[in-house]
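Residue-level structural notes
Here's the letter readout for the chains.
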Amino acid sequence: MRIALTSLGLLLAIGTVPGVAEEIGDAERGATLFARQCAACHQIGDGAVNRVGPQLNRLFGRRAGNAEGFTYSKSMARMGADGLTWTLQTLDAYIENPKALVSGTRMNYRGMKDPEDRAALMAFLRDWSDKPRDIPEAEPTARKTNPDLSPEILAMEGDRDYGEYLSSECRTCHQADGSDQGIPSITNWPAEDFVVAMHAYKQKLRPHPVMQMMAGRLNDEEIAALAAYFATLD
Amino acid sequence: MKLNRRHFIGTGLVASAILTAPTVWGQAKAKVVVIGGGAGGATAARYIAKDSEGAVEVTLVEANPVYTTCFFSNLYLGGFRDFESLQHGYETLAGGGVTVINDMATAVDRAAKTVTLASGAVLPYDRLVLSPGIDFKDGSVPGWSADAHAEIMPHAYKAGPQTQLLKAQIEAMPEGGVFAMIAPPNPYRCPPGPYERISMVAHVLKERNPTAKIIVADPKENFSKKALFEEGWAKHYAGMIDWIGPDFGGGNVEVRPDTMEVVIDGEVTKVDCCNVIPGQMAGKIAALAGVTDEAGWAPVDPASMKSKMDENVWVLGDSSAQGDMPKSGFSANSQAKVAAMAIRGELTGSRTFPAKYSNTCWSLIAPEDGVKVGASYEPTPEKIASVESFVSATGEDAALRKATYEESLGWYAGITADMFG
Ligand SMILES: Cc1cc2nc3c(=O)[nH]c(=O)nc-3n(C[C@H](O)[C@H](O)[C@H](O)COP(=O)(O)OP(=O)(O)OC[C@H]3O[C@@H](n4cnc5c(N)ncnc54)[C@H](O)[C@@H]3O)c2cc1C
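Residues numbered from 1 in each chain as written. Chains lettered and ligands numbered in written order. Predicted model: local features only at pLDDT ≥ 70, side-chain atom pairs only at ≥ 80, totals over all residues. Heavy atoms only, no water.

Let us now look at the overall build of chain A. Helices and strands together make up the secondary structure of chain A, namely 11 helices and zero strands. Along chain A, helices and strands appear, N-terminal first, in the series α-α-α-α-α-α-α-α-α-α-α. Looking at chain A residue by residue over its 234 residues, the buried ones come to 53%. Pairs at least 24 apart in sequence give 62% of the contacts found in chain A among residues at least 6 apart. Of the roughly 11000 Å² of accessible surface on chain A, 51% is carried by carbon and sulfur atoms. (Helix = DSSP H or I, 4+ residues; strand = E, 2+ residues; numbered from the N terminus. Buried < 20%, exposed > 50% of the residue type's maximum accessible area, 1.4 Å probe, protein only. Contact = heavy atoms within 4.5 Å. Areas by Shrake-Rupley, 256 points an atom, 1.4 Å probe, with all protein chains shown as cover.)

Looking now at unusual backbone geometry. The residue after Asn186(B), namely Pro187(B), is reached through a cis peptide bond having omega -10°. Relative to the helices and strands, Pro187(B) resides in the loop between β11 (178-182) and α9 (193-208). Even without being glycine, His208(A) reaches a positive phi, approximately 120°. Tracing the backbone through its elements, the reader meets His208(A) in the loop between α9 (191-202) and α10 (209-216).

This next bit is on the nonpolar core. Within the largest apolar cluster, 133 residues are counted, with the highest numbers of intra-cluster contacts made by Val115(B), Phe179(B) and Trp411(B). When residues no more than four places from it in sequence are discounted, the contact partners of Phe179(B) are Leu166(B), Ile170(B), Met173(B), Ile198(B), Val201(B), Leu205(B), Lys213(B), Ile214(B), Ile215(B), Cys273(B) and Asn275(B). (Core = buried A, V, L, I, M, F, W, Y, C linked by side-chain atoms within 4.5 Å.)

This next bit is on the domain arrangement of chain B. All names here are of chain B. In terms of domain boundaries, chain B breaks down into domain 1 (5-133 + 283-420) and domain 2 (137-276). Using C-alpha coordinates to define each centre, domain 1 is positioned 28 Å away from domain 2. Contacts between the two partners involve 35 residues from domain 1 and, on the opposite side, 32 residues from domain 2. Across the interface of domain 1 and domain 2, roughly 2700 Å² is buried in total on both sides, 63% from carbon and sulfur atoms. Between Arg-401 and Glu-231 there is a salt bridge, and its shortest N-O distance comes to 3.4 Å. The interface formed by domain 1 and domain 2 includes 13 residue pairs in polar contact (both at pLDDT 80 or more). For the side of domain 1 that touches domain 2, the per-class residue count stands at 19 nonpolar, 11 polar and five charged. (Domains from an automatic or database assignment. Buried area = accessible area lost by both parts, 1.4 Å probe. Salt bridge = Lys/Arg side-chain N within 4 Å of Asp/Glu carboxyl O. Polar contact = N/O pair within 3.5 Å; in protein donor to acceptor, adjacent residues only side chain to side chain. Nonpolar A, V, L, I, M, F, W, Y, C, P; charged D, E, K, R; others polar.)

A separate point is the interface of chain A and chain B. With 27 residues of chain A at the interface, the matching set in chain B holds 40 residues. In this assembly, chain A packs against chain B so that about 2600 Å² is buried in total across both faces, 57% of it on carbon and sulfur atoms. A per-residue breakdown of the area chain A buries against chain B is headed by Tyr165(A), Met213(A) and Arg217(A), which together make up 28% of the total. As a salt-bridge pair, Asp397(B) and Arg63(A) come within 3.5 Å of each other at their nearest N and O atoms.

Here it is as structure tokens:
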């Protein structure tokens, strides 16, 4: 959980570091990583077609779930319809932990934890995008921590009772018994994924106005409280 | 089956059973009576009973044995839902520790802390929750009264037989006929409701009776999601809908049920179906209880939904005057959870937390073309105030509109499960 949150902090930092014009990362190393970790399912480059996963040409700026002729998971299609677009930030979050950004994604890939590896991979993906020069260059590792997500906050014990009260607001839309009829289920989630997903809405990495608003007004303590409550539901 | 249910269901037995309740159950158990088993009342009753785990005796008084949701009743008019899908019984609630009495509350004695029912039964309470929805203001539309004319010109603004009647009338319109709506003045329940209804009527007529016309007489300059509705009407129902705002006399109306005529700014139009949505006020029992103001609504404390007139009474949902929240099922459900927490805190000493409220209203404009508006709210000393809000944008693509519609189906399933268990 700590790793995931720290990197969300980093992602935020990308947008706020002014004028750092370094390379995103080492594209050559990225090509090797792609061949090892992605190529089994994805093609990229001249003549790339959909395989197990969609082709990844012109990825930056592309709406999620929009490669022609590919059948996506419900979750990815929903995020795309909500407006999720592949940028440095969203892509970094997806590759790091696919399910934290798109919970029901069918991409069966456990995630790439090392930020430098991800930076290299993105530099490679960017070479196969439209107008790679226009895609902002900034070192994702330029900032190490985000003050809002300090270890003390991350280690915070959630107040379960408070979480139970706060969760009553969620039940108007998310059914308590976990059924999913147009709004995804949020019961039986591991606490880490839950916290990451809520912060992803709060920081507007995940699109969706309702959830951005719901998460936006919850402070770290309240998100921890909700996580503590949902973690004890069976 | 729970012992208390066997005692309380039915009418004849109720009075004696309840009056003897203290000796049966012991003096210590605190009593909450909830009047109105709708979005606010059912939720409050359920949450107090569920979370107090038997420490509070909760009695729900509801006039109808089955609740028909107003939400999605427009989708029924449009042919997207069947009537049964709008109906919800109270069995699960009763099984969950709430005593459900199907009767009309006719009086509240706040000094004696009792509620009197039509059957004559008298229910004592420690805390009273009123969530009786709305009633119509007499004389708000000249020529129309609910008692005399609702069968000819239905309001369909309390869902049930009125909704079925309106649907039958729409479907029986002659070819090329005229549908009229008299839209209500502010404030009223469900701000986008009349306009979602117009969309659904237009959808039905476009399929069955494409030369028919729709006129809307509206006393309001502006209404909820107006830009979105206007865009949708132009796109799906071009030339069908004539919206007459106050600048063109939409606020100067009279109806003539006997001759099926509508008079707008002096001009008489013969109509085939007329939906009159009159001006509104708090459900009558709120006024009978003496907790309403001169405008006809019940002022409440923004932090708890407690009545400003009586510290033992709460007013939820449409009947309350609380500030910025629209009168919606979502709002009533949200307010009920704050109230349930506050009431439990007072009666059992359970922990209380700062109130948070929210609302989202979805509307369907055409098949798979859904839009939404919503906001979050927090109490200030003066009122419940809007903190942050969002609304669908014009020009959104079809995939997003479809996702929005599907989300509304999820919400309907969610809120009805949250109300009735
Ligand atoms: C056409 C239409 C569409 C709508 N669409 C939406 C929507 O999409 N989303 C949304 O959030 N809201 C919607 N609403 C609004 C929503 O229905 C109301 O705001 C909501 O039901 C209010 O809840 P309430 O608890 O205040 O009242 P209600 O839900 O109306 O419940 C009041 C209950 O009290 C009972 N009652 C009243 N007086 C007494 C008495 N004296 N004794 C015993 N019982 C009594 C009534 O029988 C009723 O069951 C819509 C409304 C309409 C008319």
